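Now for the letters of each chain:
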Amino acid sequence: MSSYDDQIAGYYNKLLQRNAGEPEFHQAVAEVLDSLKIVLNKDPHYNDYGLIERLCEPERQVIFRVPWVNDKNEVKVNRGFRVQFNSALGPYKGGLRFHPSVNLGIIKFLGFEQIFKNSLTGLPIGGGKGGSDFDPKGKSEQEIMRFCQSFMTELHRHIGEYRDVPAGDIGVGGREIGYLFGQFRRLTNQHESGVLTGKGLTWGGSLVRTEATGYGLVYLTEEMMEANGESIDGARVIVSGSGNVAIYAIEKAQELGATVVGFSDSSGWVHTPNGVDVALLKDVKEVRRGRVTDYVSEAEGAVFNPEGSIWDLEADVALPCATQNEIDGDHARKLVENGIKYVAEGANMPSTAEAIEVYRENKLHFAPGKAANAGGVATSALEMQQNASRDSWSFEYTDERLKKIMQGIFRNIDSTAAEYDHEGDFVVGANIAGFKKVADAMFAQGVI
Ligand code: NDP
């Protein structure tokens, strides 16, 4: 037991009392505080000036009503959120999630994770997150547009190029960013490109942003495998989800010679022993906005499974790219049994604390989301750079920068883990490397 265990437990207990009913937020904080015990033993000054308590308290939280009218002329009411967690390194930056499960605790967990992730990118961005309990599934195009317009009617007061720059997340892709940006422009009478990222290419968007999270995940996975003397070329890979992150992780993994043997959505999972037809998957999900069953009905050799779990498949690499806590302890034990050696998180916090313990006990190579999926926000920051200089970069140049950033993140978390005597523990490496940069900036800027 370290001499700081009691103090950290005290911070955590107080946080539990002050943030009741927010289990995902508690989970995300607990994991980081666990790593901070290691930091404090070596660098006790990080315990000064209430730094850790300040870090766990959002700078600002906005909760608002989002009324809108559906196609039957009925008034619907949703709840909107924007949690501006930490701006020590730069303007708040983080996506918007539209999903019926969204509540304050989920947005706070995502915003908290975002602080460290953004710090790891090495770019000047703070951490924030937002969204709504609106469910885009089954809604018409007009309903989605009216919802986005109502959401932005309140949100626009709180965001800006130098203040807070939202992007997409679950349920928010290019279409929604378009409607949100349109309403922002109308309300402010300014074409402030830097206010949102993930924009269309003709009005301030960046090449590679759509692909960035999935590609970045695979670049980091490739680096992690190479550091262990192995290659992704020839590996069998499981990817959960079939949204933005999953699709581009599948594309890049197969481009590098891997076979993706399964993917999923919330209705079930698909076994693809001969790999995924990426063009068909994109057509089904991005153009037709269909389900994985539509893919199966048109693809050769793909089998749909409404029961069981995608984590029952045998493979070498698992890339969870759907949502939080999708891998519990039992799933993690299955992964071990089935020969998985590498897990890299495309989603935010897809592994429970118990699952992470199983990875540790069985010496899996595990890259946590705050490092492995940082390519999305990193490329958003590159979009902000292009907007600020009224420039647009080529696909190749932007992709190369993304790749370098992901390689740099891997080197950073690897060397930080070793520096703190936890060689190979990339959870510890990511938490500590992300933390120190933010903490140093907070010290320099005083008690605020
Ligand atoms: P999308 O909305 O594009 O896709 C989400 C996918 O996950 C869909 O296949 C969806 O299935 C599935 N899914 C969502 N919720 C659940 C659930 N409760 N149970 C089972 N399946 C579910 O989102 P993204 O691809 O953008 O995001 C996926 C993950 O990656 C999230 O954790 C997000 O926070 C994280 N992330 C995203 C980034 C980005 O740039 N987009 C950046 C960094 C992290 P269905 O369609 O059936 O709901």
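The chain carries the name Glutamate dehydrogenase in an unreviewed UniProt entry, which gives Corynebacterium aquatimens as its organism. In its Sequence similarities (unreviewed entry) section, the UniProt record describing the chain reads: "Belongs to the Glu/Leu/Phe/Val dehydrogenases family." Quoted verbatim from the Catalytic activity (unreviewed entry) field of UniProt, the annotation for the chain is "L-glutamate + NADP(+) + H2O = 2-oxoglutarate + NH4(+) + NADPH + H(+)".

Visitor: What is the right way to look at the pattern of salt bridges in this model?
Guide: Opposite charge on two side chains allows them to pair when their charged atoms are near. The tally for this structure, following the rule as stated, stands at 30 salt bridges. Measuring nitrogen to oxygen at the nearest pair gives 3.3 Å for the salt bridge that ties Glu-113 to Lys-370. One end of the pair, Glu-113, is in helix 4 (residues 104–120); the other, Lys-370, is in helix 13 (residues 369–372), and 257 residues separate them in sequence. The pair formed by Glu-113 and Lys-370 is uniform in burial state, with each residue classed as buried. The closest approach of N and O atoms between Glu-154 and Arg-157, which form a salt bridge, is 3.1 Å. Through salt bridges with shared partners, a single ionic network connects Glu-31, Glu-113 and Lys-370.

Visitor: Looking at this structure, how should I read the packing of aromatic side chains?
Guide: What characterises a pair of aromatic rings is the spacing of the ring centres plus the angle enclosed by the ring planes. A complete count under the given rule lists 22 aromatic pairs for this structure. Ring centres 5.3 Å apart and planes at 50 degrees place the aromatic pair Phe-64 and Phe-151 in the tilted group. Remark: Phe-151 occurs in helix 5 (residues 141–155) and Phe-64 occurs in strand 1 (residues 60–69); sequence separation between them is 87 residues. Given the relative accessible area of 6%, Phe-64 is considered buried. For Lys-42, the ring lying beneath its charged end belongs to Tyr-420, and the centroid distance is 4.9 Å. If you follow Lys-252 out to its NZ or CZ, it ends over the ring of Tyr-215, 4.4 Å from the centre.

Visitor: Teacher, can you tell me more about the site of the ligand here?
Guide: Every one of the 24 residues lining the ligand counts as a neighbour, but Asp-169, Thr-213, Ser-266, Arg-291 and Asn-348 are closest to it. A distance of 2.5 Å is found between an oxygen atom of the ligand and a side-chain nitrogen or oxygen belonging to Ser-266. Isolated, the ligand exposes 880 Å² of accessible area, and the fraction of that covered by the protein chains is 82%. Residue assignment for the shell around the ligand shows that the elements contributing at least two residues are helix 7 (209–227), helix 8 (244–255) and strand 7 (259–265). Looking at the shell around the ligand residue by residue, the class counts come to five nonpolar, 13 polar and six charged.

Visitor: Got a minute to help me understand empty space enclosed by the protein in this structure?
Guide: Picture a little ball the size of a water molecule; that probe, rolled over the atoms, points out where space is still empty. Scanning the entire structure with this criterion turns up one cavity of 30 Å³ or more. Of the pockets and cavities examined, the largest cavity occupies roughly 50 Å³. Along the walls of the largest cavity sit Glu-31, Glu-113, Glu-345, Met-349, Ser-351, Ile-356, Pro-368, Gly-369 and Lys-370, which together make up its complete lining. By residue class, the composition of the lining of the largest cavity is three nonpolar, two polar and four charged.

Visitor: Any chance you could explain the nonpolar core here in plain terms?
Guide: Nonpolar side chains in soluble globular proteins tend to be buried together. One finds Tyr-295 and Leu-319 to be the most contacted residues of the largest nonpolar core, which totals 60 residues. No other element matches helix 7, which puts eight residues into this core. Discounting chain neighbours no more than four positions away, the residues touching Leu-319 are Leu-217, Val-218, Thr-221, Val-237, Ile-238, Val-239, Ser-240, Ala-249 and Ala-344. Residues Val-32, Phe-85, Ile-115 and Val-428 belong to the second largest nonpolar core, which totals 40 residues.

Visitor: When you look at the layout of surface pockets in this model, what are you seeing that I'm missing?
Guide: Counted as a void, the second largest pocket has a volume near 330 Å³. Along its surface, the second largest pocket is lined by 17 residues, and Leu-364, His-365, Gly-424, Asp-425 and Phe-426 are the ones closest to its centre. At the level of elements, helix 7, helix 12 (353–361), strand 12 (365–367), helix 15 (395–419) and helix 16 (426–444) are the ones that each hand at least two residues to the lining of the second largest pocket. When its residues are assigned to classes, the lining of the second largest pocket shows nine nonpolar, three polar and five charged.

Visitor: How should I be thinking about the environment of Asn-118 in this particular structure?
Guide: Turning to its location among the elements, Asn-118 is positioned in helix 4. Classification of Asn-118 as buried rests on a relative accessible area of 0%. Asn-118 sits 259 residues away from Val-377 along the chain, and the two C-alpha atoms are 7.0 Å apart. Sequence-distant contacts of Asn-118, that is, excluding residues within four places in its chain, are made with Lys-93, Leu-123, Ile-125, Gly-126, Gly-127 and Val-377.

Visitor: In this structure, what is going on with the sheet that holds strand 5 (residues 164–167)? I would like to understand it.
Guide: The strands that make up a sheet are held in pairs by hydrogen bonds between backbone atoms, and each pair lies either parallel or antiparallel. Pairing is mixed across the open sheet formed by five strands, whose spatial order is 1-2-4-3-5. For this open sheet the edge positions go to strand 1 and strand 5, each flanked by a neighbour on one side alone. For this sheet, the mean angle separating the axes of adjacent strands, direction not counted, is 20 degrees. Here strand 3 (residues 92–98) runs beside strand 4 (residues 126–132); their pairing, made up of five bridges, is parallel. Following the sheet pairing, Lys-93 is matched in strand 4 by Gly-127. Along the sheet, helix 4 contacts strand 1, strand 2 (75–86), strand 3 and strand 4; its crossing angle with strand 4, the most-contacted strand, is approximately 155 degrees. Helix-sheet contacts for helix 5 involve strand 1, strand 2, strand 3, strand 4 and strand 5, and the interaxial angle to strand 1 is about 145 degrees.

Visitor: Help me understand the side chain of Gln-324 in this model?
Guide: When you line up the elements, Gln-324 lands in the loop between strand 10 (317–319) and helix 11 (329–337). The class for Gln-324 is buried, based on a relative accessible area of 12%. At 3.1 Å, the side chain of Gln-324 forms a polar contact with the side chain of Thr-323. Residue contacts for Gln-324: discarding those within four places in its chain leaves Glu-24, Arg-97, Ile-106, Phe-109, Asn-348, Met-349 and Pro-350.

Cut-offs applied
Numbering of residues starts from 1 in each chain and follows the order in which that chain's sequence is written. Predicted model: local features are reported for residues with pLDDT of at least 70 only, side-chain atom pairs are reported and counted for 80 or more only, and whole-chain, interface and lining totals are derived from all residues. The side-chain figures draw on all heavy atoms in the structure; neither hydrogens nor water molecules are used. UniProt positions are given in the numbering used here, feature names are shortened, and annotations may be inferred rather than shown by experiment. Each salt bridge in this description consists of a side-chain nitrogen of Lys or Arg and a carboxyl oxygen of Asp or Glu lying within 4 Å of one another. Going along the chain from the N terminus, every DSSP run of H or I of four or more residues is numbered as a helix, and every run of E of two or more is numbered as a strand. For each residue, the accessible area found with a 1.4 Å probe, counting protein chains only, is set against the maximum for its type, and the residue is called buried under 20%, exposed over 50%, and partly exposed in between. Stacked, edge-to-face and tilted labels apply to pairs of Phe, Tyr and Trp rings (six-membered ring for Trp) whose centres lie within 6.5 Å, assigned for plane angles under 30 degrees, over 60, and everything in between, in that order. Any Lys NZ or Arg CZ that is within 6 Å of a ring centre and within 35 degrees of that ring's normal is treated as a charge sitting over the ring. Near, as used in this document, describes a residue that has one of its heavy atoms within 4 Å of the molecule or strand being considered. Residues adjacent in sequence count toward polar contacts only when both atoms are side-chain atoms; beyond that, a polar contact is any pair of N or O atoms within 3.5 Å, and within protein one must be able to donate a hydrogen and the other to accept it. The protein chains shown are the only cover counted for residues, whose accessible areas, like all others here, come from Shrake-Rupley with a 1.4 Å probe. Charged residues are taken to be Asp, Glu, Lys and Arg, nonpolar residues to be Ala, Val, Leu, Ile, Met, Phe, Trp, Tyr, Cys and Pro, and polar residues to be all remaining types, Gly included. Computed over the protein atoms alone on a 1 Å grid, cavities are sets of points where a 1.4 Å probe fits but cannot get out and pockets are open sets with protein on both sides within 12 Å along at least five of seven lines; a residue lines them when it has an atom within 4 Å of a point. Grid points are joined across faces, edges and corners, and a volume is the space filled by probe spheres set on the points. We define the nonpolar core as a collection of buried residues of types Ala, Val, Leu, Ile, Met, Phe, Trp, Tyr and Cys that are connected through side-chain atoms lying within 4.5 Å of one another. Throughout, a residue-residue contact means that at least one pair of heavy atoms, one from each residue, lies within 4.5 Å. Two strands make a pair as long as DSSP finds a minimum of two bridges between them. Where helices are involved, their axes are fitted lines through C-alpha atoms of the stretch in contact, as for all axes, and angles between N-to-C directions lie from 0 to 180°.

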